[in-house]
Amino acid sequence: MDRTQLTTSADLTREEVDFLMEEAEKMRGKNTDDLKGKVVATLFLEPSTRTRLSFETASHRLGASVITIADPKTSSVAKGEILADTIRTVEKYADIIVMRHPEVGSAEEAIKYTKKPFLNAGDGANQHPTQSLLDIYTIKRESGGIDGKTIAFIGDLKYGRTVHSLTYILCLYNPTKIIFISPNELKVPEKYIKMLEEKGIKHEETASLEEKMPEIDVIYMTRIQRERFESDDEYNKLKGSYVLTPEIVKMGKESLRILHPLPRVDEITPDVDDMPQSACFRQAENGVYMRMALLKNLSANYYK
Ligand code: CP
């Protein structure tokens, strides 16, 4: 792998994903000095718990220092500073930049202003490539592989950037089928369906969860995202569309695994958390190891 920047899952190769999963596995439980003397900037211009804190944990575990904008209100973004100026400034302070931004395309915009290692930590409803890497790593660990598995995405598939990014990565493997389960208003964008058709990957769109439960190996549950709707009325019509309960989980295979990028609102009831099928918090832990692998390798490729 020779990349130094990651803005989308669309240009990742199977070799890169396999390599990063191997690297993440090596990071489990480790503290290293791979990034000793380096400064990582985490610019979060949209709220986050897992992505920012796991990137910062990963940085500390690799021996780096961290500078952060955790809230745009406390930065000059609140005074109207444009993205180009923020990036041009931060790249003078930091060796590696991690950025989350509410606007689609902001990661591509940011890399016009820096050649330094850069990681997209989510750009609006578009992409969340580091999440999709930790997701595929979690599927591999929890289900013993990706090939031959039936994977169901459930919930907000229209605005769900984690769904979009993971769909690109699944296309590098040979899943048996991908099932998209959503209300009609939140269907996955057509370009992802076309991509699956072009790759010859079997797929299906439906609104019905329960009838699909027996054939699913991995559920990828998502939140209906209030912040992506124009009005509360629109959100209120769709919230609670799908709720995973122990009764529904028991309709599935014993080997079923449930992933969720989190945060959750009401789409998985808390009594599912203690079932062996629930992998959500193991998935969140895997984020640290995958982000250690990414920070280490993108940095090593740039600072040769
Ligand atoms: N999965 C994810 O992106 O979570 P946060 O919004 O908490 O970072």
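What comes next is a walk through the structure. (Residues numbered from 1 in each chain as written. Predicted model: local features only at pLDDT ≥ 70, side-chain atom pairs only at ≥ 80, totals over all residues. Heavy atoms only, no water.)

Details of the site of the ligand
In step 1: In the vicinity of the ligand, the contacting residues are Ser-48, Thr-49, Arg-50, Thr-51, Arg-100, His-128, Gln-131, Pro-261 and Leu-262.
In step 2: Residue Arg-50 places a main-chain N or O atom 3.0 Å away from an oxygen atom belonging to the ligand.
In step 3: At 3.0 Å, a side-chain N or O of Gln-131 approaches a nitrogen atom of the ligand.
In step 4: About the coverage of the ligand: the protein hides 92% of its 260 Å² of free accessible area.
In step 5: Split into classes, the residues belonging to the shell around the ligand amount to two nonpolar, five polar and two charged.
In step 6: Counting the residues that make up the shell around the ligand, at least three belong to each of domain 1 (5-128 + 285-302) and domain 2 (130-284). (Near = heavy atom within 4 Å. Polar contact = N/O pair within 3.5 Å; in protein donor to acceptor, adjacent residues only side chain to side chain. Areas by Shrake-Rupley, 256 points an atom, 1.4 Å probe, with all protein chains shown as cover. Nonpolar A, V, L, I, M, F, W, Y, C, P; charged D, E, K, R; others polar. Domains from an automatic or database assignment.)

A short note on the pattern of salt bridges
In step 1: According to the stated counting rule, one finds 23 salt bridges in the structure shown.
In step 2: Residue Asp-71 pairs with Lys-73 through a salt bridge whose shortest N-O separation is 4.0 Å.
In step 3: Looking at Asp-71, the relative accessible area reads 28%, which means it is partly exposed.
In step 4: One salt bridge in this structure joins Lys-92 and Glu-91, with 3.1 Å as the shortest N-O distance.
In step 5: Residue classification places Glu-91 among the buried residues on the basis of a relative accessible area of 15%. (Salt bridge = Lys/Arg side-chain N within 4 Å of Asp/Glu carboxyl O. Buried < 20%, exposed > 50% of the residue type's maximum accessible area, 1.4 Å probe, protein only.)

Purely geometric numbers; function is a separate question.
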